[in-house]
Amino acid sequence: MPGFTAPLTRVLGPVSEQATSPSQTTVGILNADGGTASGAILALNGTGLLESANISVINESGSTPTLQELLEFDVVIIWTNSSFSDPSGTGDVLADYVDGGGSVVIATYALTISSSQSSSSWWIGGRFEDPGYMPLLPSTNKLNHSYVMDMSSVPPGHPIFDGITNLTYSGNSNYSNSPLNTDAILLATDTNGNNLVAVNPLGTVAAISIWPGENLQDNNDPVSRLFANALIFVANGGFGIT
C-alpha cells in the first residue's frame, strides 16, 4: 500500500477553536453504552496525547444530540451497545456537524445492523451514510474477525497508526464487516481481510470497527493509541500530531 499523503485541506467552520496541538483537542463522547465513557476518558488520557480535562460526555443515553451540543467540540467520538432513540436523526445531526467544521470518529457497534436481535438500531444512519461522511457503512454482514490488525495493510507513515507496531482487540459475533462508502479510503484490515479502519476523502471522519466499550481501556494501550491518533487526525482536518 502506498505511503500516507495528506488529504486536501478543508475549510474549517464555526467549531470551538480548531486544534493546534494534541493536548488542546476537545473531544465529545456520544454513545448508547451507558457507563463506559469514564474508562474511555482514562484510556485516552493515558496515551499522553489527549487530556481528560478536554474530554466530556455529551450523553450516554442514546438520545439525539443537538447541533449546538456537538459544536462545542473539535471532534466527537460515537459508539453504541444499545439503540439510539433515532439512529437516522442522529446521523443527520452528525452530518450537519461535519458540514459546520466538526470531525467524527465512529466505532462499533454503530456500524452493525442486526437482523436477528432487538439491537437492530445499534447503527447510525440518516444523511451521515451519504458519500463524504461515514467511511464504513452499517452492515449485517458478520464475517469472522481475527481481532488482530493486519499491519501489512497499513499505509506507511500514516498518523492514525503512529506508535503502533501490533494491535489485538476483543470482539464477538456482532462485529460486522462493514463495506466502504463509495468515496472512502480504506486504511487497515484485520488478518482475515475484514475492513477495520477507514477515513472519508477530507480526513474529517474516521471509522474504526472496534468496540470502545470493551477495548478503549487502560489495559489495551495500542487500541487507546489508535483511537487517540484518529481523534487528533480528524480534528486537524486530516493531519496528525503537530
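What counts, and where the lines are drawn
Residues numbered from 1 in each chain as written. Predicted model: local features only at pLDDT ≥ 70, side-chain atom pairs only at ≥ 80, totals over all residues. Heavy atoms only, no water. Helix = DSSP H or I, 4+ residues; strand = E, 2+ residues; numbered from the N terminus. Expected span 1.5 Å × (residues − 1). Buried < 20%, exposed > 50% of the residue type's maximum accessible area, 1.4 Å probe, protein only. Contact = heavy atoms within 4.5 Å. Core = buried A, V, L, I, M, F, W, Y, C linked by side-chain atoms within 4.5 Å. pLDDT = per-residue confidence, 0-100. Pairing = 2+ DSSP bridges. Salt bridge = Lys/Arg side-chain N within 4 Å of Asp/Glu carboxyl O. Phe/Tyr/Trp six-rings, centres within 6.5 Å; stacked < 30°, edge-to-face > 60°.

## Let's talk about helix α3 (residues 87–99)
Working step 1: The first and last C-alpha atoms of α3 sit 18 Å apart over 13 residues, in line with the 18 Å expected at 1.5 Å per residue.
Working step 2: Of all the positions in α3, only Pro-87, Gly-89, Thr-90, Gly-91, Val-93, Leu-94, Ala-95, Tyr-97 and Val-98 are classed as buried.
Working step 3: On its buried side, α3 packs onto β1 (27–32), α2 (67–70), β3 (75–80), β4 (103–107) and β7 (205–208).
Working step 4: Immediately downstream of α3, the backbone of Gly-101 shows phi near 105°, a positive value.

## Side note on the nonpolar core
Working step 1: Counting 46 residues, the largest nonpolar core has Val-197, Ile-210, Leu-226 and Phe-227 as the members making the most contacts within it.
Working step 2: Of all the secondary structure elements, the ones that give two or more residues to this core are β1, α1 (37–46), β3, β4, β5 (185–189), β6 (195–199), β7 and α5 (221–235).
Working step 3: Top element by residues in this core is α5. It accounts for 10 residues.
Working step 4: Setting aside its immediate chain neighbours within four residues, Phe-227 contacts Leu-44, Ile-77, Val-105, Ala-107, Ile-208, Ile-210, Pro-212 and Leu-216.

## Points about α5
Working step 1: When the terminal C-alpha atoms of α5 are compared, their 21 Å separation across 15 residues agrees well with the 21 Å that a helix rising 1.5 Å per residue should span.
Working step 2: Of all 15 residues making up α5, 12 are buried, and the element is well covered by its neighbours.
Working step 3: Positive phi shows up at Gly-237, right after α5, with a value of about 70°.

## Brief notes about the confidence of the model for the protein chain
A low pLDDT means the predicted coordinates there should not be read in detail.
Working step 1: Overall, the predicted model of the protein chain reaches an average pLDDT of 86, with 84% of residues at or above 70.
Working step 2: When mean pLDDT is compared element by element in the protein chain, β7 scores highest at 98, while helix α4 (residues 212–215) scores lowest at 89.
Working step 3: Predicted confidence is poor over residues 6–20, with pLDDT under 50, and the contacts of this stretch with residues over four places away or in other chains come to 45 contacts.

## As for the pairing of β7
Working step 1: The alternating pattern of β7 places Val-205 and Ala-207 and Ala-206 and Ile-208 on opposite faces, both of which are buried.
Working step 2: By the bridge criterion, four bridges tie β4 to β7 in an arrangement that is parallel. Residue pairing in the sheet places Ala-107 in a bridge with Ile-208 of β7.
Working step 3: Bridge analysis of β6 against β7 gives three bridges, and the strand direction is antiparallel. Each residue of the ladder has a partner; that of Val-199, found in β7, is Ala-206.
Working step 4: Between β6 and β7, which pair antiparallel and follow one another directly, the connecting turn spans five residues, one of which, Gly-203, has a positive phi of 70°.

## Re the pattern of salt bridges
Working step 1: For the coordinates displayed, the defined rule picks out three salt bridges.
Working step 2: Among the ionic pairs, Arg-127 bridges to Asp-96, the shortest N-O distance being 2.5 Å. Residue Arg-127 is found in the loop between β4 and β5, and its partner Asp-96 is found in helix α3; the two are separated by 31 residues along the sequence.
Working step 3: Owing to a relative accessible area of 25%, Arg-127 belongs among the partly exposed residues under this scheme.
Working step 4: A salt bridge links Asp-99 to Arg-127; the nearest nitrogen and oxygen atoms lie 2.9 Å apart. Highlighted residues: Asp-99 in helix α3 and Arg-127 in the loop between β4 and β5, separated in sequence by 28 residues.
Working step 5: For Asp-99, a relative accessible area of 48% translates into the label partly exposed.
Working step 6: In this structure, a network of salt bridges that share partners links the residues Asp-96, Asp-99 and Arg-127.

## Some thoughts on the packing of aromatic side chains
Working step 1: Considering all chains together, one arrives at seven aromatic pairs under this definition.
Working step 2: Both rings, one in Tyr-147 and one in Tyr-169, keep their centres 5.7 Å apart while their planes meet at 90°; by these two values the pair is edge-to-face. Residue Tyr-147 is located in the loop between β4 and β5, and its partner Tyr-169 is located in the loop between β4 and β5; the two are separated by 22 residues in the primary sequence. For the pair Tyr-147 and Tyr-169, one class covers both residues: buried.
Working step 3: Note on Tyr-169 and Tyr-175: the rings are 6.2 Å apart at their centroids and 15° apart in plane angle, and the pair reads as stacked.

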